[in-house]
Amino acid sequence: MHLIVRAGVLVATMALGVFAAQQVFEWEVHDMNRPRPPVVAPGAENHLPPADAIVLFDGTDLSAWRSSKDGGNAKWKIQDGYMEVVRDTGDIQTRQAFGSCQLHIEWAAPEVVKGSGQGRGNSGVFLMGHYEVQVLDSYENDTYPDGQAAAIYGQKPPLVNASRKPGQWQTYDIIFHAPVFRDGAIEKPATVTVLHNGILVQDHWEIQGTTFHKQRAAYQPHPDKLPLRLQDHGDLVRFRNIWIRPLDE
Ligand code: MG
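In this text, all values refer to a predicted model and were calculated from it rather than measured experimentally. (Residues numbered from 1 in each chain as written. Predicted model: local features only at pLDDT ≥ 70, side-chain atom pairs only at ≥ 80, totals over all residues. Heavy atoms only, no water.)

1. Re the pairing of strand β14 (residues 191-196)
No. 1: By the criterion of burial, β14 is predominantly enclosed, with five of the six residues buried.
No. 2: Across six bridges, strand β11 (residues 170-177) lies against β14 in antiparallel orientation. Residue pairing for β14: aspartate 173 is matched across the bridge by leucine 195.
No. 3: Here β14 folds back onto strand β15 (residues 199-206) in antiparallel fashion, the turn holding two residues, of which asparagine 197 has a positive phi close to 55 degrees. (Buried < 20%, exposed > 50% of the residue type's maximum accessible area, 1.4 Å probe, protein only. Helix = DSSP H or I, 4+ residues; strand = E, 2+ residues; numbered from the N terminus. Pairing = 2+ DSSP bridges.)

2. Quick word on the confidence of the model for the protein chain
No. 1: On average, residues of the protein chain score 93 in pLDDT, and 92% of them are at 70 or above.
No. 2: Between residues 1-15, whose pLDDT stays under 50, and residues either more than four places distant or in other chains, the model counts 21 contacts. (pLDDT = per-residue confidence, 0-100. Contact = heavy atoms within 4.5 Å.)

3. Details of the nonpolar core
No. 1: Core analysis: the biggest nonpolar cluster contains 45 residues, and Trp65 and Tyr172 have the highest contact counts within it.
No. 2: Ranked by residue count, the leading element in this core is strand β8 (residues 101-108), at four residues. (Core = buried A, V, L, I, M, F, W, Y, C linked by side-chain atoms within 4.5 Å.)

4. Structural notes on the pattern of salt bridges
Side chains bearing opposite charge may pair, as long as their charged atoms lie close to each other.
No. 1: Tallying each qualifying case throughout the model produces eight salt bridges.
No. 2: Its salt-bridge partner being lysine 77, residue glutamate 84 comes within 3.6 Å of it at the nearest N-O pair.
No. 3: Judged by relative accessible area, glutamate 84 falls into the buried class, the value being 6%.
No. 4: Through salt bridges with shared partners, a single network forms among Lys77, Glu84 and Arg238. (Salt bridge = Lys/Arg side-chain N within 4 Å of Asp/Glu carboxyl O.)

5. A look at the coordination of the magnesium ion
No. 1: Every protein donor of the magnesium ion is listed here as Asn122 (OD1), Ser123 (O), Glu132 (OE), Gln134 (OE1) and Gln231 (OE1), and their distances to the metal cover 2.2 to 2.4 Å.
No. 2: Between consecutive donor residues of the magnesium ion, the sequence gaps follow N-S-x8-E-x1-Q-x96-Q. Of this pair, serine 123 sits in strand β9 (residues 123-127) while glutamine 134 sits in strand β10 (residues 131-135), placing them eleven residues apart in sequence. Of the two residues, serine 123 and glutamine 134, both sit in the buried class. (Donors = N, O, S within 2.8 Å, 3.2 Å for Na, K, Ca; no water.)

6. Looking at a nonpolar patch on the surface
No. 1: A grouping of Leu159, Val160, Ile199 and Leu200 is seen on the molecular surface, where their side chains present a nonpolar patch of about 320 Å² in accessible area.
No. 2: Residue position: isoleucine 199 is located in strand β15. (Patch = residues over 30% accessible without salt bridge, like charges linked within 9 Å, V, L, I, M, F, W, Y side chains within 5 Å. Areas by Shrake-Rupley, 256 points an atom, 1.4 Å probe, with all protein chains shown as cover.)

This is how it looks when you write it as structure tokens:
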């Protein structure tokens, strides 16, 4: 351990006439004794899973997923490297539980446009099964802003509408920090950053609580890790190339 005193801080502190604790730093500037970050081989392209990612869907099978409805195997369709919602089979969720994470997921709304507003390419990415990043065909499709694509549903519209046309593949890159509860109450709210098709749409935003419909979000205490859930909202939304990197807090 290299404990040093930053003289400037100390002088400033004394100049204020305050007898404060000396500010110490664990490492000197440019300290060669500092541990090196682990080496991680990136994917061949930025959207492909890096070496340390957990691949949740590689286009071939749904083994990482189960039905949220009955806990059995996920019943969505697999075709040509993507999975597609099968109406009324219910949401699907990962078998593994996650807390804070980096998540990459690609989705496409049906190419043939039916419906409008919330009834058009609706699905959702529920972080920890509680916090929905909305999936919706929001290409020239007006709806309430806190329910359009990349909104934190019912809470926060995206900074911009970065939607591609229906049928085209779109990406979400999400950085999520799980909430911390203490004695059954929220101590540290969750935060979320979202890039939609590479564009920043949620900027380290503080989530207000569990997603509800037509009701103000509120935190409900839950375990430190929970499954990631994808929504069956009755629309034939497709997903592919899903990978996650759990983040240590
Ligand atoms: Mg939804």
